[in-house]
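Examination of the molecular architecture
So you can see what is in the structure, the chains are spelled out below.
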Amino acid sequence: MPDTFALAVHGGAGTIRRESMTPEAEAQYHAGLRDSLNAGHAVLAGGGSALDAVTAAVMALEDNPLFNAGRGAVFTRAGLQEMDAAVMRGEDRGAGAVAGIMGPRNPVQAARAVLENSEHVLLVGEGAMEFCRAQGITFAPAGYFYTERRWQALQDELARQASAAPDTRSDEAKHGTVGAVARDRHGNLAAATSTGGMTAKLPGRVGDSPVFGAGTWADNETCAISATGHGEYFIRWAAAHDIAARMRYRGDALDVAAEAVVEELGRIGGSGGLIAIDAAGRVSLPFNSQGMYRGMIAADGVAWTGIYRQPLQQG
Ligand code: ASP
């Protein structure tokens with residue numbers, strides 16, 4: 001057990017329609033998830049910390065324009081991008097998050113700087129940006145984050161709202177998030193989550209990702225969690241903390257607690273899913289939507305990824 005390490009990642013959950021996905025697009029998603037798993041695995045295999053592993057895994061997904069975080073983030077109804085990110089460390093529940101930022105190339109690094117170099121837990125907007133500049137965080141120009149696909153998704157949504165037509169978009173066009181959870185060789189857990197939020201959100205809207213106990217959580221005694229889905233529900237149900245509480249106070253196993261919370265969210269309209277890992281390195285990847293981009297890797301270095309409700313594929 002002491003030498004066990006494992007990592008899981010996600011790239012968002014929702015109505016991921018197989019019929020609107022080409023084999024090439026599917027292959028790209030699997031490759032993106034594998035790149036992220038391999039980045040995190042390299043850290044863990046070298047004896048690195050769970051916190052470094054989840055940061056590396058999330059950075060790989062932020063850099064990939066396919067996923068709604070960093071490069072490729074969705075647009076607000078004002079046509080801007082506002083990103084949220086969080087990291088949490090299981091040893092001491094150290095936590096850092098940013099919300100409503102635009103400019104730092106890897107928002108998860110901004111969250112990490114809040115954790116390590118400030119006395120606060122969550123910084124937002126212009127103050128967060130000023131902090132990032134002072135910390136020497138790398139910025140990228142607006143064009144770096146822009147993708148035609150996300151811009152078009154905003155135009156489609158604004159047109160739909162103007163015509164009062166029913167919402168038939170796949171969730172994939174509306175939102176998405178990336179995240180990672182890990183257990184390192186020393187038995188420490190960590191979680192990281194990063195997102196552009198929801199397409200056509202009101203400027204200033206903050207989702208569940210940077211809200212600890214909702215979309216992100218890590219505590220060595222119970223579990224580490226990164227969620228994806230309709231953030232407002234995950235906040236109202238304190239989803240991540242509910243899982244940890246079921247484990248702590250009731251002795252539930254990780255998969256029992258995680259599946260129950262995701263199922264309950266589904267019943268009340270909160271579509272989405274999450275990735276979770278416990279102190280023994282056991283992983284649970286439940287979702288109540290059609291699909292969730294997800295993957296896991298353990299010490300053997302074999303990457304497993306999946307999109308739909310099927311067993312994970314070895315890649
Ligand atoms: N949970 C994210 C948010 O509400 C969106 C998503 O994961 O799809 O900002």
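Criteria and cut-off values
Residues numbered from 1 in each chain as written. Predicted model: local features only at pLDDT ≥ 70, side-chain atom pairs only at ≥ 80, totals over all residues. Heavy atoms only, no water. Near = heavy atom within 4 Å. Polar contact = N/O pair within 3.5 Å; in protein donor to acceptor, adjacent residues only side chain to side chain. Areas by Shrake-Rupley, 256 points an atom, 1.4 Å probe, with all protein chains shown as cover. Nonpolar A, V, L, I, M, F, W, Y, C, P; charged D, E, K, R; others polar. Pairing = 2+ DSSP bridges. Helix = DSSP H or I, 4+ residues; strand = E, 2+ residues; numbered from the N terminus. Contact = heavy atoms within 4.5 Å. Axes fitted to C-alpha atoms, helices over the stretch in contact; angles between N-to-C directions. Core = buried A, V, L, I, M, F, W, Y, C linked by side-chain atoms within 4.5 Å. Buried < 20%, exposed > 50% of the residue type's maximum accessible area, 1.4 Å probe, protein only. Salt bridge = Lys/Arg side-chain N within 4 Å of Asp/Glu carboxyl O.

1. Some words on the site of the ligand
Close to the ligand lie His175, Gly176, Thr177, Gly197, Met198, Arg205, Gly207, Asp208, Thr228, Gly229 and Gly231, which account for all nearby residues. Within the side chain of arginine 205, a nitrogen or oxygen atom sits 2.7 Å from an oxygen atom of the ligand. Between a nitrogen atom of the ligand and a main-chain N or O atom of glycine 229, the distance comes to 2.7 Å. Notes on the ligand: free accessible area 270 Å², of which the protein chains cover 100%. Split into classes, the residues belonging to the shell around the ligand amount to 1 nonpolar, 8 polar and 2 charged.

2. Thoughts on the sheet that holds strand S8 (residues 223-229)
Taken together, 4 strands build an open sheet; the order of strands is S7-S8-S9-S10 and the sheet is antiparallel. Taken across any chain shown, the strands that pair with only one partner, and hence form the sheet edges, are strand S7 (216-218) and strand S10 (283-284). Contacts between helix H9 (residues 239-250) and the sheet are confined to S7, S8 and strand S9 (272-278), with S8 contributing the most and set at about 145° to the helix. Relative to the sheet, helix H10 (residues 254-267) contacts S8, S9 and S10, its axis offset from that of S9 by approximately 165°.

3. Focus: the sheet that holds strand S6 (residues 189-195)
Taken together, 9 strands build an open sheet; the order of strands is S4-S3-S2-S6-S5-S1-S11-S12-S13 and the sheet is mixed. Two strands bound the open sheet, and with one partner strand each, they are strand S4 (122-124) and strand S13 (313-314). Running over the sheet, helix H1 (residues 23-45) touches strand S1 (6-14), strand S5 (178-183), strand S11 (291-298), strand S12 (303-306) and S13 and is turned about 150° from S1. Set on the sheet, helix H3 (residues 107-117) makes contact with strand S2 (83-89), strand S3 (94-101), S4 and S6; between it and S3 the angle comes to about 135°.

4. Quick word on the nonpolar core
Ranked by internal contacts, the top residues of the largest apolar core, which has 52 residues, are Leu7, Val9, Met21, Phe67 and Tyr293. At 8 residues, helix H2 (residues 50-62) tops the list of elements feeding residues into this core. Grouped together as the second largest cluster of nonpolar side chains are 34 residues, Ala13, Ile243, Leu254 and Met292 included.

5. Considering the pattern of salt bridges
Applying the stated criterion across every chain yields a total of 14 salt bridges. The shortest N-O distance in the salt bridge between arginine 160 and glutamate 157 comes to 2.9 Å. Of this pair, arginine 160 and glutamate 157 both sit in helix H6 (residues 148-163), separated by 3 residues, roughly a single helical turn. When sorted by exposure, arginine 160 lands in the same class as glutamate 157, which is buried.

6. With respect to the environment of glutamine 81
Within the secondary structure layout, glutamine 81 lies in the loop between H2 and S2. What makes glutamine 81 buried here is its relative accessible area of 5%. Residues glutamine 81 and glutamate 24, spaced 57 residues apart in sequence, show a C-alpha to C-alpha distance of 27 Å. Once residues within four sequence positions are removed from consideration, glutamine 81 is found in contact with Ala73, Val74, Phe75, Ile101, Met102, Ala142, Phe145 and Tyr146. From its side chain, glutamine 81 meets the backbone oxygen of alanine 73 in a polar contact 2.9 Å long. Within the structure, glutamine 81 has its side chain in polar contact with the backbone oxygen of phenylalanine 145 (distance 3.1 Å).

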